[in-house]
Amino acid sequence: MKRVWLCCGILAVIFIFGVGWSVYLGACSKRMNTIIDRAQSLAETRSPDTEKAIEELCSYWESMASTAAFFESAETVSGIGDAVARIEYLYRKDNDEFFSECEVIRGGVDRIYRSNMPLLPNR
């Protein structure tokens, strides 16, 4: 009987870690989308606070990438990292590709979130 309780305890720990990771990843994804929205709206008006928003996006991505690298492929994480690295340069050069790179980042973060959700049709 002790083995049954031990197995139930192990399954409970695995379940708790899985739910915790899903909640954490959802919160990170939502926060990243908020930062991207703020950076895009400031860039549209050419606000002086845009560079601070871009720096916030870059630093938040670095913290998120370090944890996402445990469960996501290196190609996905490095692809988003490349896009994050380009947006500051694109903004300074007043290039319209800034907005498309922001959407690439948003799509990549969303893909990381969706690929780690325990759903049957995981697409």
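Data block above holds the structure.
Now for a description of the structure that goes with this document. Here the structure is a predicted model, which means the values were calculated and not measured. (Residues numbered from 1 in each chain as written. Predicted model: local features only at pLDDT ≥ 70, side-chain atom pairs only at ≥ 80, totals over all residues. Heavy atoms only, no water.)

## Quick notes on the pattern of salt bridges
In a structure, side chains of opposite charge can pair up when their charged atoms sit close to one another. Let me state the cut-off plainly: Put simply, a salt bridge is a Lys or Arg side-chain nitrogen that is within 4 Å of an Asp or Glu carboxyl oxygen. Secondary structure is summarised from DSSP: a helix means a run of H or I of at least four residues, a strand means a run of E of at least two, and numbering begins at the N terminus for each.
Going through the model one piece at a time under the given rule, you end up with eight salt bridges. With its nearest N and O atoms 3.5 Å apart, the salt bridge here joins R46 to D94. Highlighted residues: R46 in the loop between α1 (2–44) and α2 (50–68) and D94 in the loop between α3 (74–92) and α4 (97–115), separated in sequence by 48 residues. Of the charged contacts, one joins E103 and R106 as a salt bridge, the two residues approaching to 3.3 Å between their closest N and O atoms. Here the residue E103 and the residue R106 both occupy positions in helix α4, the gap between them amounting to three residues, near one helical turn. Look at the salt bridges and you will find they share partners, linking R31, R38 and E56 into a network.

## Overview of the environment of A39
Note the threshold: Accessibility here uses a 1.4 Å probe with only protein chains present; expressed as a share of the type maximum, an area under 20% marks a residue as buried, one over 50% as exposed, and anything in between as partly exposed. Any two residues whose heavy atoms approach within 4.5 Å at even a single point are treated as in contact.
Note on placement: A39 falls in helix α1. Take A39: its relative accessible area is 0%, and that puts it in the buried class. Excluding anything up to four places from it in sequence, A39 contacts T50, A53 and F98.

## Re the packing of α3 against α4
To keep things clear, this is the line we draw: Here, axes are lines fitted to C-alpha atoms. For helices the fit covers the stretch in contact, and angles between N-to-C directions go from 0 to 180 degrees. Each angle receives one of four descriptions, namely roughly parallel if under 35 degrees, roughly antiparallel if over 145, roughly perpendicular if within 65 to 115, and oblique otherwise. If you view the pair so one helix is near and one far, a crossing is left-handed when the near helix is turned anticlockwise from the far one by less than a right angle, and right-handed when it is turned clockwise. Charged means Asp, Glu, Lys or Arg here, nonpolar means Ala, Val, Leu, Ile, Met, Phe, Trp, Tyr, Cys or Pro, and polar covers whatever is left, Gly included.
Their axes nearest at 9 Å, the elements α3 and α4 cross at an angle of 155°. The orientation of α3 relative to α4 falls into the category roughly antiparallel. Relative to α4, α3 is oriented so that their crossing is left-handed. In contact with T76, I80, A83, V84, R86, I87, L90 and Y91 of α3, α4 contributes E97, F98, E101, C102, V104, I105, G108, V109, R111 and I112. For the contact of α3 with α4, the class distribution of residues is 12 nonpolar, two polar and four charged.

## Topic: the packing of aromatic side chains
So the rule is basically this: Ring geometry is summarised as follows: Phe, Tyr and Trp rings, the Trp one being its six-membered ring, pair when their centres sit within 6.5 Å, and such pairs are stacked at plane angles under 30 degrees, edge-to-face over 60 and tilted between the two. Over a ring means this: the NZ of a Lys or the CZ of an Arg is within 6 Å of the ring centre and within 35 degrees of the ring normal.
If you walk through the whole model with that rule in mind, you get three aromatic pairs. Consider the rings of W21 and Y24, whose centres lie 5.8 Å apart with planes at 40°: the pair is tilted. Separated by three residues within a single helix, W21 and Y24 lie in helix α1, roughly one turn from each other. Judged by its relative accessible area of 36%, Y24 falls in the partly exposed class. Counting every residue linked through ring pairs, the aromatic cluster contains Y91, F98 and F99. For the cation-ring pair, R31 lies above Y60, with the distance from its terminal atom to the ring centre recorded as 5.5 Å.

## Quick notes on the nonpolar core
Selection rule: Nonpolar core, defined: a set of buried Ala, Val, Leu, Ile, Met, Phe, Trp, Tyr and Cys residues in which side-chain atoms within 4.5 Å join the residues together.
If you look at the biggest cluster of nonpolar residues, it comprises 27 residues, and the most contacted ones within it are M32, L57, W61, M64, V84, F98 and I105. Only α1, α2, α3 and α4 provide two or more residues apiece to this core. Not counting residues within four places of it along the chain, the set of residues in contact with L57 comprises M32, I35, I36, V84, I87 and I105.

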